[in-house]
Amino acid sequence: MAFTYAVTQKDISTVRTIYGTYASNGGSTGGAIATGMKKVLHSDFSSATATPSVVSVISGGTVTLTTTANQTGTFQIVGF
């Protein structure tokens, strides 16, 4: 059971935006995305099967994501 993600683009200015992809496989139902941000202002996740929900944003800007099992999708996270 694994959750993987890849950051595909970073736009850095006063506010940072990170774009990427995620995949839950082997029965996994989510995981953590390390953004490197101190505060996340907005997050958007997209999948063909269902919309995942952000469970929490914790120290260091890590976004914890809950998905349906074996789901893939894209994300956009904005913060600083």
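Residues numbered from 1 in each chain as written. Predicted model: local features only at pLDDT ≥ 70, side-chain atom pairs only at ≥ 80, totals over all residues. Heavy atoms only, no water.

**Looking at the overall build of the protein**
Along its length, the protein carries zero helices and seven strands. Along the chain direction, N to C, the helices and strands of the protein fall in the order β-β-β-β-β-β-β. Going through the 80 residues of the protein one by one, you find that 36% of them count as buried. Sequence-distant contacts in the protein: of pairs separated by 6 or more residues, those separated by 24 or more amount to 65%. Surface accessibility of the protein: about 4400 Å² in total, with carbon and sulfur atoms responsible for 54%. (Helix = DSSP H or I, 4+ residues; strand = E, 2+ residues; numbered from the N terminus. Buried < 20%, exposed > 50% of the residue type's maximum accessible area, 1.4 Å probe, protein only. Contact = heavy atoms within 4.5 Å. Areas by Shrake-Rupley, 256 points an atom, 1.4 Å probe, with all protein chains shown as cover.)

**Remarks on the confidence of the model for the protein**
Counting all residues, the mean pLDDT for the protein is 81, and 84% of those residues have values of 70 or more. No element of the protein has a lower mean pLDDT than strand β5 (residues 53-58), at 62, and none a higher one than strand β2 (residues 16-25), at 89. (pLDDT = per-residue confidence, 0-100.)

**Concerning the nonpolar core**
Within the largest apolar cluster, 11 residues are counted, these being F3, I18, Y22, I33, M37, V40, F45, V63, L65, F75 and I77. Those elements giving two or more residues to this core turn out to be β2, β4 (40-46), β6 (62-66) and β7 (72-79). (Core = buried A, V, L, I, M, F, W, Y, C linked by side-chain atoms within 4.5 Å.)

**A few points about unusual backbone geometry**
Positive phi is not limited to glycine here, since N70 has a value of about 60 degrees. Take N70: it is sitting in the loop between β6 and β7.

**Points about the environment of A32**
In this structure, A32 sits in strand β3 (residues 30-34). A32 sits in the partly exposed class, given a relative accessible area of 40%. Discounting residues that sit within four places of it in the chain, A32 has contacts with F3, Y5, T62, V63 and T64.

**So, a nonpolar patch on the surface**
On the surface, V15, L41 and F80 cluster together into a nonpolar patch covering about 260 Å² of accessible area. Within the element layout of this structure, L41 appears in strand β4. On the basis of relative accessibility, which here comes to 48%, the residue L41 falls in the partly exposed class. (Patch = residues over 30% accessible without salt bridge, like charges linked within 9 Å, V, L, I, M, F, W, Y side chains within 5 Å. Salt bridge = Lys/Arg side-chain N within 4 Å of Asp/Glu carboxyl O.)

**A closer look at the environment of G31**
By the secondary structure assignment, G31 is in strand β3. Separated by 27 residues in sequence, G31 and T4 place their C-alpha atoms 7.8 Å apart. Not counting residues up to four positions away in its chain, the partners in contact with G31 are F3, V63, T64 and L65.

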